[in-house]
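# Reading the structure
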Amino acid sequence: MPQTNASVAVAERPLTRSDVHDAQRRLAGRVVRTPVVRSDDLDRRAGARLWLKAENLQRGGSFKLRGALLAVGRLAAAGSRGVVAQSTGNHAIAVALAARECGLPATLVLPCDAAPTKVRRIQETGARVIQAGTVLADRIAAVEEHRAVHGYDVVDPYQDPDVVTGQGTATAELLDQVRAAGSRLDAVVLPVGGGSAVAGACLATAGEHIAVVAAEPSSVPALTEALRRGGPVNVPVRPTIADGLRPDRIGQLPFDTCHASLAEVLTVDEAEIAESMAVALTHTRLLVEPAAATALAAALRLVVDPRWRGLDVGVLLSGGNVEATLVASLLTEFAGR
């Protein structure tokens, strides 16, 4: 399905649901089948049945490992001399772990203000970290320079079809787990940074009557603006605690894959994200990072709409790599709410 062109994988045809199923087969036994968590308290608060896919408990602390294992494994099998990738954090952690498993050197490019927890997790794998600027273009330039000098292969977090289909396996698993519990989802809500998660979800739900809802910070509305303009565009970046959702441009492959299938895009403000982190911890005992809390915040807002009251809504809790100081401050602020 994917092919390599100038060391970067590209899709040679439109991706399909069967590609996600193939990715599930290739990942069998290599990733954690993370639990789906229910909370009576949270369901009462929401007025709907929420099914929380706890990818914060995945190896590497996020769902990103799924796509990274496939992409890096393909490159290793093709004789790669090493890999390089840019990320705001979780994709970089995942690529570093996958590269270590495959015996490949790895260099990861992060923003200068990347979360220290994420930088530390990458360094613990033995991978090299380069920090470059604060916007996507800065990181891409650093990746291209490193690729040209060292001949490493690029593991793009948005454009690699293995990454997109790998991320889709989290949603596919969620659907299977809900069915096994005797129910079916009416909607699934996912956070949006570069778009691989929501694109994968659109593939995984193709042919089913399940609404795919995207959630992004109002500070970085890259998907909202892309849909308005008819394609990916750069958006001004304002500060957000959801560091995993900071890419200022949606990926072209995710946009092409999901734009016709999305039911809705919800933008979430900083206060909603912060409160949802505290809600997740106090109501479900799950420690999630702000990117994951963005999806929960959007789901809690979605079910206020009478169309969704009393229905079954899945939520991808995408990761749990969060600074302890942020958790402490949010619990202090939102305790008892």
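Report follows, based on the coordinates. (Residues numbered from 1 in each chain as written. Predicted model: local features only at pLDDT ≥ 70, side-chain atom pairs only at ≥ 80, totals over all residues. Heavy atoms only, no water.)

Now for the overall build of the protein chain. Along the backbone of the protein chain there are 13 helices and twelve strands. Over its C-alpha trace the protein chain gives a radius of gyration of 18 Å, about what one expects of a compact globule, namely 20 Å for 337 residues. With the principal axes as the frame, the protein chain shows a C-alpha extent of 55 × 40 × 40 Å. Taken over 337 residues, the protein chain has a buried fraction of 59%. Counting only contacts in the protein chain whose residues sit at least 6 apart along the sequence, the fraction spanning at least 24 positions is 72%. (Helix = DSSP H or I, 4+ residues; strand = E, 2+ residues; numbered from the N terminus. Rg over C-alpha atoms; globule rule 2.2 N^0.38 Å. Buried < 20%, exposed > 50% of the residue type's maximum accessible area, 1.4 Å probe, protein only. Contact = heavy atoms within 4.5 Å.)

Glancing now at empty space enclosed by the protein. For the structure on display, the rule yields three cavities of 30 Å³ or more. One number sums up the size of the largest cavity: a volume of about 220 Å³. Surrounding the largest cavity, 24 residues form its lining, Phe63, Lys64, Gly193, Gly244 and Leu245 being those nearest its centre. For the lining of the largest cavity, the elements supplying multiple residues, two or more each, are helix H4 (90–102) and helix H8 (196–204). A per-class count over the lining of the largest cavity returns nine nonpolar, 13 polar and two charged. Its volume calculated, the second largest cavity comes out at about 50 Å³. Lining of the second largest cavity is provided by Met277, Ala278, Leu281, Leu287, Val288, Val327, Leu330 and Leu331. (1 Å grid on protein atoms, 1.4 Å probe; cavity = no way out; pocket = protein on both sides within 12 Å on 5 of 7 lines; lining within 4 Å. Points joined across faces, edges and corners; volume = space filled by probe spheres on them. Nonpolar A, V, L, I, M, F, W, Y, C, P; charged D, E, K, R; others polar.)

Attention shifts here to helix H1 (residues 17–27). When we look at burial in H1, the residues that qualify are Asp19, Val20, Ala23 and Leu27. Each buried residue of H1 lies within a common arc of 100° when the element is viewed along its axis, so the set occupies one face. Those residues of H1 hidden inside the fold are in contact with helix H3 (64–77), helix H7 (161–180) and H8. Within two residues after H1, Gly29 carries a phi angle of roughly 80°, on the positive side. (Arc of directions from axis to C-beta.)

Now for the side chain of Lys53. Relative to the helices and strands, Lys53 resides in strand S4 (residues 49–54). One polar contact links Lys53 to Glu173, side chain to side chain, over a distance of 2.6 Å. Excluding its chain neighbours within four sequence positions, the residues that come into contact with Lys53 are Arg33, Thr34, Pro35, Val36, Arg66, Ala170, Glu173, Leu174, Gln177, Val315, Leu316 and Leu317. (Polar contact = N/O pair within 3.5 Å; in protein donor to acceptor, adjacent residues only side chain to side chain.)

All right, on to the nonpolar core then. Ranked by internal contacts, the top residues of the largest apolar core, which has 43 residues, are Leu50, Leu52, Val189, Leu296, Val313 and Leu317. The leading source of residues in this core is helix H12 (residues 290–302), at ten residues. If we ignore the near neighbours within four places in the chain, the residues touching Leu50 are Val37, Arg38, Leu42, Asp43, Leu296, Leu300, Val303 and Val313. One finds Val20, Trp51, Leu175 and Ile250 within the second-largest nonpolar core, a separate group that totals 32 residues. (Core = buried A, V, L, I, M, F, W, Y, C linked by side-chain atoms within 4.5 Å.)

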